[in-house]
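Each chain, letter by letter, is given below.
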Number of protein chains: 2
Amino acid sequence: MPSYTAPVKDMQFILHNLLNVTASDVPGYADLDESFTGAILEEAGKLAGDVLAPLNRIGDIEGCRLENGVVHTPKGFKAAFDALREGGWNGLDLPEEFGGQGLPYVLGMAVGEMFTSANMGFSLYQGLTHGAIGAFLAHGSEDQKATYLPKMVSMEWTGTMNLTEPHCGTDLGMLRTRAEPQEDGTYRITGQKIFISAGEHDLSENIIHLVLAKAPGGGPGTKGISLFIVPKFLVNPDGSLGARNGVKVGNIEHKMGIHGNATCVMNYDDATGWLIGELHGGMRAMFTMMNEERIGVGMQGYAQAEAAYQASLAYARERLQGRAVTGAANPEGPADPLIVHPDIRRMLLEQKSFAEGARAFTLWAAQMIDRSHRMDDAEAEGLVSLLTPVIKGFLTDKGFDAAVAAQQIYGGHGYIEEQGISQFVRDARIAQIYEGANGIQALDLVGRKLAAGGGKYIMAFFDMVKAFIKENEGDAALKEGFLDPLKKASKDLQAAGMFFMAQGMKNPNAALSGAYDFMHMMGHVCLGLMWARMARAAQAALDAGEGDAEFLRAKIATGRFYMARQLPATGMHLARIESGADPVMALDEAAF
Amino acid sequence: MPSYTAPVKDMQFILHNLLNVTASDVPGYADLDESFTGAILEEAGKLAGDVLAPLNRIGDIEGCRLENGVVHTPKGFKAAFDALREGGWNGLDLPEEFGGQGLPYVLGMAVGEMFTSANMGFSLYQGLTHGAIGAFLAHGSEDQKATYLPKMVSMEWTGTMNLTEPHCGTDLGMLRTRAEPQEDGTYRITGQKIFISAGEHDLSENIIHLVLAKAPGGGPGTKGISLFIVPKFLVNPDGSLGARNGVKVGNIEHKMGIHGNATCVMNYDDATGWLIGELHGGMRAMFTMMNEERIGVGMQGYAQAEAAYQASLAYARERLQGRAVTGAANPEGPADPLIVHPDIRRMLLEQKSFAEGARAFTLWAAQMIDRSHRMDDAEAEGLVSLLTPVIKGFLTDKGFDAAVAAQQIYGGHGYIEEQGISQFVRDARIAQIYEGANGIQALDLVGRKLAAGGGKYIMAFFDMVKAFIKENEGDAALKEGFLDPLKKASKDLQAAGMFFMAQGMKNPNAALSGAYDFMHMMGHVCLGLMWARMARAAQAALDAGEGDAEFLRAKIATGRFYMARQLPATGMHLARIESGADPVMALDEAAF
């Protein structure tokens with residue numbers, strides 16, 4: 001069974017060598033010195049490796065069980081959840097006034113990756129709670145915050161998001177769940193929601209559902225939608241739990257993966273709900289949750305890649321099969337370890353260069369989120385908003401590919417469930433689908449985010465890439481391996497943007513037909529930029545004689561792989577995009 | 001639950017418009033007129049759609065059960081197997097002297113695709129038997145053929161291939177199963193084999209195992225290996241079944257997919273075996289089986305893509321979500337069907353253009369196999385040998401991608417097992433792994449097949465592509481959409497080959513580091529060539545006013561998609577290859 005070791009050294013490199021957090025002007029960052037972040041990451045890593053990872057396969061095998069309206073989580077989940085709660089991990093990056101530790105989001109993201117790598121099904125119980133808390137912070141009244149947040153931050157209570165209904169997921173305008181206003185200011189909520197992660201379980205005292213529903217008078221489609229708080233148990237004025245509310249789990253889904261998480265059908269039958277945020281402003285409130293969730297889902301992509309990488313690396317070092325073409329590497333043994341073979345190294349490096357590049361990209365984005373939250377930095381907010389669909393869509397696609405590559409390294413043994421590697425493939429798969437399927441992310445990017453602010457965020461993005469290249473063009477060590485490929489990829493991306501603009505209004509299908517490829521191109525440019533920055537930072541540390549030289553040299557070598565072997569994908573994506581809408585739209589629907 | 005409709009029209013187009021089988025000089029092809037092949041394909045399609053497909057999900061849910069040494073296959077499998085046997089389907093392309101119908105392999109391949117699309121786990125019971133028969137035909141003595149083949153052709157008895165052991169799959173030189181010669185000319189076989197598909201089950205009276213084992217005196221490594229016939233029940237001189245042999249199922253594996261097939265651990269304990277083929281010539285005998293099996297596995301790739309495509313197409317037509325950007329397509333309904341959206345069409349066309357291109361490629365290759373078997377055409381044999389790793393590796397990789405795309409179209413519903421689409425993803429995954437993992441296919445292609453015959457087969461391949469382009473360069477309808485991209489892709493492939501040659505002996509890791517990309521490039525060129533040929537054939541039929549015009553126009557439109565959106569991958573693969581061995585080999589093993 002795969003074990004998991006938290007990549008503390010790599011996270012420390014990103015925080016301190018790449019992002020240089022203590023030198024940043026973001027409030028709270030000055031405290032993030034190396035020994036402080038190191039201590040937190042080590043501690044979280046222990047919990048992840050020692051407590052959560054050993055439960056990963058148990059969660060996969062046992063799954064969740066619904067009996068008489070009660071959902072039983074897999075053996076050991078409750079104790080692990082208690083350990084997570086008692087360690088105060090959920091509150092790490094949440095406001096102190098509600099019991100959190102008020103540390104930056106960038107640190108919460110790093111810790112969240114560890115928990116997700118170790119046990120994705122389990123970590124969703126916390127992740128959804130964290131997302132729901134975000135909605136309370138952004139849209140809740142002072143009363144609502146005071147009533148719910150302390151218990152949710154401490155994870156005595158957990159949270160959920162209720163969007164999807166059987167007939168509508170993406171197209172929420174069609175939703176049918178109704179909210180009838182009552183004289184006391186509450187609403188009666190009635191309807192059915194599906195795919196509700198952590199919708200019902202035995203881990204917490206109460207579950208606070210955030211539910212999208214239509215209240216009268218809001219107009220058709222998404223305009224009529226509002227967001228409601230529907231607690232499983234009503235909360236008395238003194239904070240104690242009151243009567244059971246009219247919400248029940250109808251079923252739990254049988255899924256391809258994340259079996260440890262209870263994905264529920266939730267039935268609302270005259271449940272008492274409280275409006276959160278503005279009446280008929282539910283879509284806006286939902287997007288607040290959704291944006292943070294999407295970045296969290298992008299993280300799931302590389303978190304699974306990291307876990308799968310570690311497992312396949314261990315296997316490639318142990319399994320003896322064949323001989324290195326350049327001469328036996330293990331002449332005393334019956335064969336050489338798999339890792340001597342170039343094609344095995346290719347698959348390992350695809351995973352490693354992706355996971356490390358994605359981690360840098362996401363932690364960099366988390367820093368931008370900290371800037372936007374802690375400094376009201378509108379430019380940072382705009383940039384993160386632009387990149388959110390890339391983080392979600394690109395990182396989950398590539399994370400899945402990485403898990404598939406890890407499984408491939410195992411050969412036939414990878415197909416056997418007892419090895420545990422198939423689980424990473426099956427678990428990673430959901431991240432491409434939920435919180436807006438990746439095709440929707442591509443549409444969001446091309447149809448909405450490119451044009452946002454009159455195009456100023458995408459221009460700022462290109463300026464950032466150009467500025468980096470310009471600033472470093474005198475650096476001979478960076479030029480061939482990093483700057484040249486980055487320049488080429490960035491040029492491809494700009495050409496694709498120009499193509500969309502030229503087609504523009506007269507043929508919207510051209511942009512929509514190329515949106516997915518654009519998202520991938522942009523992902524490669526982002527990871528390419530991160531790798532170029534990491535290579536520079538690693539070289540600087542080597543030049544200064546600081547840090548672990550072997551680690552720093554590996555960082556540069558891994559980056560070279562990414563630039564040489566992954567960045568050329570942008571040319572392919574550009575060619576596809578420039579073929580326009582015709583190849584995609586020409587076939588009659590009936591002729592498929 | 002997905003249903004399955006056999007693509008008879010497309011197969012007929014390939015057989016008659018593309019391959020023009022009745023005009024071919026291959027013995028037996030003259031009989032393959034349209035009504036004859038149509039009748040057979042319709043009949044096979046009915047069995048696939050009406051009998052096998054409804055059992056697909058049952059097989060997935062129930063799996064196989066081992067009780068007291070007996071393996072029980074899922075409910076309904078026995079009746080379906082009887083139907084397959086009674087219809088004589090296994091013997092379709094097997095020699096008449098052993099009870100077969102003696103029809104060409106090209107037809108057997110088309111029928112095999114249907115069974116595999118409908119139920120991959122089930123079809124393996126027959127597929128393995130067919131492969132074992134191939135080994136008997138090539139290497140068995142007259143006596144052995146007479147004893148075993150009639151019952152195996154009729155499928156009263158099934159067959160297996162026993163290669164893998166716990167510590168060795170690819171590297172068979174390490175195998176430990178021993179064969180001790182006895183005075184009566186038989187051998188005592190002792191050892192353990194794993195991953196034995198259809199190793200034990202309740203579908204047939206007897207199971208004939210073909211087992212690789214080491215007999216004394218053959219030298220080290222693979223040189224000592226021989227192939228043995230080890231029947232589950234010994235066969236009496238009169239053909240009746242005798243005593244149980246010393247072979248037992250030890251366990252059945254819990255796998256990610258193909259649950260309907262019993263993948264067994266087989267324990268041989270002084271089992272009686274008969275040498276088949278030459279003593280210490282086991283590797284050669286195994287490759288006879290293996291080559292046909294590999295083409296069969298490539299077929300599994302697109303067979304799963306076809307089944308997943310049909311399911312996702314039906315879903316995309318039914319599921320209402322969102323509106324077409326160019327105006328509502330279903331204004332009376334609450335939303336438009338998914339298929340109006342360009343990104344959904346992209347995913348459908350990726351599947352469709354792959355499945356149809358792969359089918360054409362494989363049936364074309366099957367025709368070459370018929371040439372080689374029926375006419376001793378050495379050039380055809382050489383070409384198929386060159387392309388076998390491409391068929392196996394490329395078609396299974398892309399088949400898996402297609403199944404993943406199909407699942408993506410379902411959104412969240414695709415992750416729920418009840419929908420049945422996850423099964424295609426899980427089942428298709430094994431085809432990338434077994435019969436030589438795809439990395440091994442790439443090594444076989446680049447390390448062995450390119451240089452075979454002094455490079456004459458790869459030269460013949462390039463000549464074939466060039467000849468087609470030259471022959472048609474006056475055809476304005478083909479030029480831009482088909483010939484130009486084919487020429488570009490073929491040039492990329494040649495450049496990659498030149499790069500390998502230039503690096504050649506001085507740096508074998510350069511070729512090995514790029515082998516996987518080369519295999520994919522070559523796959524794209526092959527499918528590009530097939531699409532160009534199909535477009536020409538479709539246009540010719542349209543010009544002649546023959547056939548179903550809507551189908552023929554769809555064929556051309558689908559081909560245009562493939563050329564515009566898939567062929568540009570060759571540029572990316574070339575860039576990766578030309579980056580050489582350094583990015584892959586530079587990182588120290590300890591620094592991963």
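Residues numbered from 1 in each chain as written. Chains lettered and ligands numbered in written order. Predicted model: local features only at pLDDT ≥ 70, side-chain atom pairs only at ≥ 80, totals over all residues. Heavy atoms only, no water.

### Side note on the overall build of chain A
Stated precisely, the cut-off is as follows: Runs of H or I in DSSP of at least four residues are treated as helices and runs of E of at least two as strands, each being numbered from the N terminus. Based on C-alpha atoms, the radius of gyration is set beside the globule rule, defined as 2.2 Å times the residue count to the power 0.38. Two residues qualify as a contact provided that any one of their heavy atoms is within 4.5 Å of a heavy atom in the partner residue. Note on areas: these come from Shrake-Rupley sampling with a 1.4 Å probe, and a residue is covered only by the protein chains present in the view. Within this scheme the basic residues Lys and Arg register as positive and the acidic residues Asp and Glu register as negative, but His and the chain ends are omitted. A charged residue contributes its charge at one atom only: NZ of Lys, CZ of Arg, CG of Asp or CD of Glu.
When helices and strands are tallied, chain A shows 18 helices and eleven strands. Taken over the C-alpha trace, chain A has a radius of gyration of 24 Å; the compact-globule value for 592 residues is 25 Å, and the two agree within 12%. Oriented by its inertia axes, the alpha-carbon framework of chain A measures out at about 80 × 60 × 55 Å. The contacts of chain A with a sequence gap of at least 6 include a subset with a gap of at least 24, amounting to 74%. When the accessible surface of chain A is split by element, carbon and sulfur atoms take 52% of a total near 20200 Å². Averaging the positions of the 51 positive and the 70 negative side-chain charges in chain A gives two centres separated by 5 Å.

### What about the UniProt feature "domain: Acyl-CoA oxidase/dehydrogenase middle" (unreviewed entry) in chain A?
Stated formally: UniProt positions are given in the numbering used here, feature names are shortened, and annotations may be inferred rather than shown by experiment.
The UniProt record marks residues 161–270 of chain A with the feature "domain: Acyl-CoA oxidase/dehydrogenase middle" (unreviewed entry), using the residue numbering of this structure. Taken end to end, residues 161–270 of chain A is 0% helix and 49% strand, and its two terminal C-alpha atoms sit 18 Å from one another.

### Quick notes on the interface of chain A and chain B
Under the convention used in this document: What counts as buried area is the accessible surface, traced by a 1.4 Å probe, that two parts surrender upon association, with contributions from both included. Salt bridge criterion: a side-chain nitrogen from Lys or Arg within 4 Å of a carboxyl oxygen from Asp or Glu. What qualifies as a polar contact is a pair of N or O atoms within 3.5 Å, subject to a donor-acceptor requirement within protein and to the restriction that residues adjacent in sequence count only when both atoms come from side chains. Only Asp, Glu, Lys and Arg are considered charged, only Ala, Val, Leu, Ile, Met, Phe, Trp, Tyr, Cys and Pro nonpolar, and every remaining residue, Gly among them, polar.
Taken together, the 91 residues of chain A in the interface contact 91 residues of chain B. Summing both sides of the interface, chain A and chain B together bury roughly 7700 Å²; the carbon and sulfur share of this comes to 61%. Contact with chain B buries area across many residues of chain A, yet Tyr-415, Arg-565 and Phe-592 of chain A alone supply 13% of it, more than any other trio. Linking chain A with chain B are two salt bridges, by the criterion used here. For the pair chain A and chain B, the interface holds 46 residue pairs in polar contact (both at pLDDT 80 or more). Tallying contributions element by element places helix 16 (residues 549–566) of chain A first for the side of chain A that touches chain B, with nine residues. Counted by class, the side of chain A that touches chain B contains 46 nonpolar, 24 polar and 21 charged residues.

### Considerations on the domain arrangement of chain A
All names here are of chain A. What counts here: For the domain bounds, the source is a domain assignment made automatically or taken from a database.
Partitioning chain A into domains gives domain 1 (8–142), domain 2 (158–280) and domain 3 (450–582). Across the contact, 26 residues belong to domain 1 and 24 residues belong to domain 2. In total, domain 1 and domain 2 occlude about 2200 Å² of area from one another, counting both sides; carbon and sulfur atoms represent 72% of this. Of all residues in domain 1, the largest losses of buried area upon contact with domain 2 belong to Val-71, Tyr-125 and Leu-128, amounting jointly to 26% of the total for that side. Remark: the boundary between domain 1 and domain 2 carries zero salt bridges. Counting the contacts that link domain 1 with domain 2 gives eight residue pairs in polar contact (both at pLDDT 80 or more). Broken down by secondary-structure element, the contributors of at least two residues to the side of domain 1 that touches domain 2 are helix 3 (56–62), strand 1 (65–67), strand 2 (70–72), helix 4 (77–86) and helix 6 (120–139). Ranked by residue count, the leading element in the side of domain 1 that touches domain 2 is helix 6, at ten residues. Class assignment of the residues belonging to the side of domain 1 that touches domain 2 gives a composition of 13 nonpolar, nine polar and four charged.

### Points about the nonpolar core
For clarity, the threshold we go by: Only buried residues count toward a nonpolar core. Its members are Ala, Val, Leu, Ile, Met, Phe, Trp, Tyr and Cys residues joined through side-chain atoms within 4.5 Å. Burial status follows relative accessibility: with a 1.4 Å probe on protein chains alone, a residue under 20% of its type maximum counts as buried, one over 50% as exposed, and anything between as partly exposed.
Counting 146 residues, the largest nonpolar core has Phe-136, Leu-210 and Leu-348 of chain A together with Phe-136, Leu-210 and Leu-348 of chain B as its most contacted members. Leave out the neighbours within four places in its chain, and Phe-136 of chain A touches Gln-144, Lys-145, Tyr-148, Leu-149, Met-152, Ile-208, Leu-210, Ile-229 and Ile-276 of chain A.

### Observations regarding helix 4 (residues 77–86) of chain B
Listed as buried for helix 4 of chain B are Phe-77, Ala-80, Phe-81, Asp-82 and Leu-84 of chain B. Looking one or two places after helix 4 of chain B, you find Gly-88 of chain B, whose phi comes out positive at around 70°.

### Brief notes about the relation of the copies chain A and chain B
Just so we agree on the cut-off: Copy-to-copy superposition: least squares on the C-alpha atoms, limited to residues that have pLDDT of at least 70 in both copies.
When chain A is fitted to chain B, the best match, at an RMSD of 0.0 Å, comes from turning it 180° and sliding it 0.0 Å along the axis. Taken together, the rotation and translation describe the operation of a two-fold axis. Residue Met-572 of chain A of chain A places its C-alpha closer to the rotation axis than any other residue of that unit, at 3.0 Å. The fraction of interface residues of chain A whose copies in chain B are also interface residues reaches 100%, indicating that both copies meet through the same surface.

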